[in-house]
Amino acid sequence: MTLATTLSPTAPTAVVTGGSRGIGRAIALALARDGYQVLLTYVSRPEQAAGVVEEITAQGGSAASVCLNVGDSEAVQAFFREQVKDHVNLACLVNNAGITRDGFLVRMKDEDFDAVLSVNLRGVFVCTREAARIMSKNRTGCIINISSVVGQMGNAGQANYCAAKAGIIGLTKSNAKELAARGIRVNAVAPGFIETEMTAVLPEEQRKLYTEAIPLKRLGTAEDVADAVAFLASPRAAYITGQVLAVNGGMYC
Ligand code: NAP
């Protein structure tokens, strides 16, 4: 594990949760290319997180990775207290970490509902609260939450996931209103079906059905999502807050 203490204390820094693979990895690389120092977190794949740090370093950027379960509120608070506050110049937070525990409603266990809500929604809330406390002092910052098209349109077999992703939209809009006076922008990106490990489990038949239902006739890439996040994290989005940017090939407009 690379320790966050290897980072510059003054360079504008983006924290990307779940930056070890998939969409989070692409976001970490895109933000590094745009000049952010990146502090990315992982939970189970230290080697992949270290690989992303190496890629960023090889591109001339600066990055470190830290193990953090965003579903563990105390661990999140300790992370922001011990690795972020007074250690880096927190300019951007991307709440990307997410899990699925799919199942039809009548068979869904309380544990599966709670696990998804705790990582995908409460994790976003706790990370945002801790980051906002730090950013408020600087009176600047941006927060980008990764929601989902299914949080906007629903999906059979994903009641827990859709509830969390819809909740992220309410959280984003409320936090944007509260934090605007402190110079902090809060937006969400709602990806459609994106080629990552999360969607690799889809049977071929279902993948075909989804592709047919997408006006642009392809699944998205992690880079498609990362480009939208990089825009929202840039000065080009300086007057944008409280918005949900859909990156879904036209699936839900
Ligand atoms: P992924 O490939 O499954 O990667 C998930 C990432 O989250 C990994 O970096 C993983 O870390 C991390 N993670 C998992 N549980 C965590 C926890 N408890 N605490 C902290 N980090 C945790 O997922 P993805 O497809 O890139 O999705 C990224 C985000 O986009 C998620 O919020 C997902 O819901 C959302 N999204 C995805 C799609 C899609 O089609 N793929 C569509 C809409 C929205 P490790 O590598 O260490 O395990």
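Coordinates for the structure precede this section.
Below, the structure is looked at part by part. Counting of residues starts from 1 at the beginning of each chain's written sequence and follows it residue by residue. Per-residue local features of the predicted model are confined to residues with pLDDT of at least 70, and side-chain atom pairs are confined, for both listing and counting, to 80 or more; whole-chain, interface and lining totals are unaffected and use all residues. Note that water and hydrogens are dropped before the side-chain values are worked out from all heavy atoms of the structure.

Considering the nonpolar core
Core analysis: the largest hydrophobic core is formed by 36 residues, its most contacted members being Ile27, Leu31, Val38, Ile56, Cys92 and Val189. Numbering of helices and strands runs from the N terminus; a helix is a DSSP stretch of H or I covering at least four residues, while a strand is a stretch of E covering at least two. Listed by contribution, the elements that provide at least two residues to this core are strand 1 (12–16), helix 1 (22–33), strand 2 (37–42), helix 2 (46–58), strand 4 (89–95), strand 5 (141–146) and helix 9 (222–232). Looking at this core element by element, the count peaks at eight residues for helix 1. Pairs of residues are marked as contacts when any of their non-hydrogen atoms sit within 4.5 Å. If sequence neighbours within four positions are ignored, Ile56 has contacts with Ala28, Leu29, Ala32, Val38, Leu40, Gly61, Ser62 and Ala63. Nine residue types can take part in a nonpolar core, namely buried Ala, Val, Leu, Ile, Met, Phe, Trp, Tyr and Cys, and a core is a set of them joined through side-chain atoms within 4.5 Å. With a 1.4 Å probe rolled over the protein chains alone, any residue whose accessible area is under 20% of its type maximum counts as buried; one over 50% counts as exposed, and the rest are partly exposed. The next biggest cluster of nonpolar side chains, apart from the first, holds 27 residues, and it includes Val70, Val76, Val84 and Ala132.

Looking at helix 4 (residues 110–138)
By this rule the span expected of a helix is its residue count minus one, scaled by 1.5 Å. If you check helix 4, its first and last C-alpha atoms are 40 Å apart, about what 29 residues at 1.5 Å a residue would give, namely 42 Å. To get the bend at a given residue, fit one axis to the seven residues ending there, fit another to the seven starting there, and take the angle between those axes. Where helix 4 bends most, at Ser118, the angle is about 40°.

A closer look at the side chain of Gln158
Along the chain, Gln158 turns up in the loop between helix 5 (149–153) and helix 6 (159–179). Apart from residues lying up to four places away in sequence, Gln158 is in contact with Thr100, Asp102, Gly103 and Val150.

Thoughts on the packing of helix 3 (residues 73–84) against helix 4
A fitted line through C-alpha atoms represents every axis, and for helices the fit uses only the stretch in contact; the resulting angles, taken between N-to-C directions, go from 0 to 180 degrees. Running from N to C, helix 3 and helix 4 point in directions that differ by 25°, and their axes come no closer than 10 Å. Classified by the angle between their axes, helix 3 and helix 4 sit roughly parallel to one another. Here helix 3 runs over helix 4; the crossing is right-handed. Residues Ser73, Val76, Gln77, Phe80 and Val84 of helix 3 form the contact with helix 4, whose own contacting residues are Arg122, Val126, Cys127, Arg129, Glu130, Ala131 and Ile134. Orientation categories follow fixed angle ranges, with anything under 35 degrees roughly parallel, anything over 145 roughly antiparallel, 65 to 115 roughly perpendicular, and all other angles oblique. In this scheme, a crossing is called left-handed if the near helix is turned counterclockwise away from the far one by less than a right angle; it is called right-handed if the turn is clockwise.

Section: the site of the ligand
In the vicinity of the ligand, 31 residues are found, and the nearest of them are Ser20, Arg21, Ser44, Tyr161 and Thr196. Backbone polar atom of Arg45 to an oxygen atom of the ligand: 2.9 Å apart, as the coordinates give it. Identification of polar contacts relies on pairs of N or O atoms within 3.5 Å, with a donor-acceptor requirement for protein atoms, meaning one able to donate a hydrogen and the other able to accept it, and with residues adjacent in sequence counted only if both atoms are side-chain atoms. Within the backbone of Asn96, a nitrogen or oxygen atom sits 2.7 Å from an oxygen atom of the ligand. Looking at the shell around the ligand, the elements with two or more residues in it are helix 1, helix 6 and helix 7 (197–200). At three residues, helix 7 tops the list of elements feeding residues into the shell around the ligand. Each residue belonging to the shell around the ligand can be placed in one class, and the counts come to 14 nonpolar, 13 polar and four charged. What makes a residue near a molecule or strand is one non-hydrogen atom of that residue sitting within 4 Å of it. Classification convention: Asp, Glu, Lys, Arg as charged; Ala, Val, Leu, Ile, Met, Phe, Trp, Tyr, Cys, Pro as nonpolar; all other residues, Gly among them, as polar.

Comments concerning the packing of helix 4 against helix 6
The interhelical angle for the contact between helix 4 and helix 6, taken along N-to-C directions, is 15°, at an axis separation of 9 Å. When the interaxial angle is binned, helix 4 and helix 6 end up roughly parallel. Crossing handedness for the pair helix 4 and helix 6: right-handed. Taken together, the residues of helix 6 that come into contact with helix 4 (itself represented by Asp112, Phe113, Val116, Leu117, Asn120, Leu121, Val124, Phe125, Thr128 and Ala132) are Asn160, Tyr161, Ala164, Lys165, Gly167, Ile168, Leu171, Asn175 and Leu179. Considering only residue class, the contact of helix 4 with helix 6 consists of 12 nonpolar, five polar and two charged.

Considerations on unusual backbone geometry
The backbone phi angle of Arg139 is positive, close to 55°, even though this residue is not glycine. Mapping Arg139 onto the fold places it in the loop between helix 4 and strand 5. We classify Arg139 as exposed; its relative accessible area is 51%.

Regarding the sheet that holds strand 3 (residues 63–67)
Strands pair in a sheet through their backbones, by hydrogen bonds, and they do so in one of two ways: parallel or antiparallel. A pair of strands is labelled paired if DSSP reports no fewer than 2 bridges between them. Spatial ordering of the open sheet is given by 3-2-1-4-5-6-7, a layout of seven strands whose pairing is parallel. Taken across any chain shown, the strands that pair with only one partner, and hence form the sheet edges, are strand 3 and strand 7 (244–247). Between one strand axis and the next, the sheet turns by 20° as a mean value, whatever way the strands run. Sheet topology places strand 6 (residues 184–191) next to strand 7; four bridges connect them, and they run parallel. Of the residues in strand 7, the one forming a bridge with Ala190 is Ala246.

Quick notes on the packing of aromatic side chains
Pairs of aromatic rings are described using the distance from one ring centre to the other and the angle between the two planes. For Phe, Tyr and Trp, rings pair up if their centres lie within 6.5 Å, where Trp contributes its six-membered ring, and each pair is then called stacked (planes under 30 degrees apart), edge-to-face (over 60) or tilted (otherwise). Inspection of the entire model under this criterion finds two aromatic pairs. Consider the rings of Phe79 and Phe80, whose centres lie 5.0 Å apart with planes at 75°: the pair is edge-to-face. Between the aromatic rings of Phe193 and Tyr210, the centroid separation amounts to 3.9 Å while the plane-to-plane angle is 20°, which identifies the pairing as stacked. Placement of the pair is Phe193 in the loop between strand 6 and helix 7 and Tyr210 in helix 8 (residues 204–213), with a sequence separation of 17 residues. Take Phe193 and Tyr210: they sit in the same class, and that class is buried.

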